[in-house]
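So you can see what is in the structure, the chains are spelled out below.
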Amino acid sequence: MSSTVQRLTLKGSQDSLISDSLTHKSSLSHCSVHSKIKRFIDIFGAIIGLLLTVILAIPIFILMQWDDPGPILYSQMRCGLQGKPFRIWKFRSMVINADQQQHLVKNEAKGHFFKNNKDPRVTNLGYFLRRSSLDEFPQFWNVLRGEMSLVGTRPPTLDEVAKYNSYHWQRLAVKPGLTGEWQVNGRSTITDFEQVVKLDLNYQEKWSILYDLQLIFKTIFVVLSRKGAY
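Residues numbered from 1 in each chain as written. Predicted model: local features only at pLDDT ≥ 70, side-chain atom pairs only at ≥ 80, totals over all residues. Heavy atoms only, no water.

*Asks:* I tried to follow the packing of helix 2 (residues 36-67) against helix 4 (residues 124-131) on my own but got confused; where do I start?
*Replies:* The description of two packed helices rests on the angle between their axes and on the distance between the axes. Relative to each other, helix 2 and helix 4 sit at 145°, their axes nearing to 8 Å. Across from I60, L63, M64 and D67 in helix 2, the residues of helix 4 making contact are N124, L125 and L129. (Axes fitted to C-alpha atoms, helices over the stretch in contact; angles between N-to-C directions. Helix = DSSP H or I, 4+ residues; strand = E, 2+ residues; numbered from the N terminus. Contact = heavy atoms within 4.5 Å.)

*Asks:* Hey, could you run me through the packing of aromatic side chains in this one?
*Replies:* For any pair of aromatic rings, geometry is given as the distance between the ring centres together with the angle between the planes. Considering all chains together, one arrives at four aromatic pairs under this definition. Arranged with centres 5.6 Å apart and planes meeting at 80°, the rings of F137 and F140 form a pair that is edge-to-face. In textbook terms, an aromatic cluster arises when at least three aromatic residues are bridged by ring pairs, as seen for Y164, W169 and F193. (Phe/Tyr/Trp six-rings, centres within 6.5 Å; stacked < 30°, edge-to-face > 60°.)

*Asks:* Looking at this structure, I do not really get the environment of L129. What am I missing?
*Replies:* Counting through the fold element by element, L129 comes out in helix 4. Judged by relative accessible area, which is 0%, L129 ranks as buried. A sequence separation of 38 residues divides L129 from F91, and the C-alpha atoms of the two residues are 8.0 Å apart. (Buried < 20%, exposed > 50% of the residue type's maximum accessible area, 1.4 Å probe, protein only.)

*Asks:* I tried to follow the pairing of strand 1 (residues 73-79) on my own but got confused; where do I start?
*Replies:* If a strand is regular, its side chains alternate between the two faces of the sheet. One ladder, built from seven bridges, connects strand 1 with strand 2 (residues 85-91); its direction is antiparallel. By the bridge assignment, S75 is partnered in strand 2 with W89. Counting the residues that bridge the hairpin from strand 1 to strand 2 gives five residues, and of these Q82 lies at a positive phi of roughly 55°. (Pairing = 2+ DSSP bridges.)

Encoded structure:
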């Protein structure tokens, strides 16, 4: 009985230490988070984006039922500003039970994220949605809710963040974005997590409203040219 109590006490202490550590690590906040102009641009862009999303949803749903029947949307828990979890939304680009099959797919990325150039879980329609970035459009809802921004960092999964070193947490000092340095400087061709961190920190250093607008326009060009997407 005493050994059980000791284990429970030890576990409680460990959980408390982990919680305190995460609170300390996630206490950083970049100045862009408090910009009212940035937030106004996010809301304006999200409203336009959601109108386009509603229009796109009809043909995407029809094609999806022909290609791989199932729900049109896919959701997953991600970490946002200061590591706060939120549910991200996308048009489904993989088979329904893709998360349960991830362990069967080789990770071609280096570091704390997952990528595979020819992921067998991606559907035929999914490849098109990804190359055109149409799968990301439902995330305008996350932008409207304030969980994401039009421009920011790549939103990591909870499993990825659990493996972070102390300096990796700096990338969570801004809201995750629909686009960012990683989108205009390689997109899916970037397979080294440390390079992702470098790009995210570079964005924080360079940030301004004008720089956000530049990245948005560059993203439009990159998406239309389908450069670096798979």
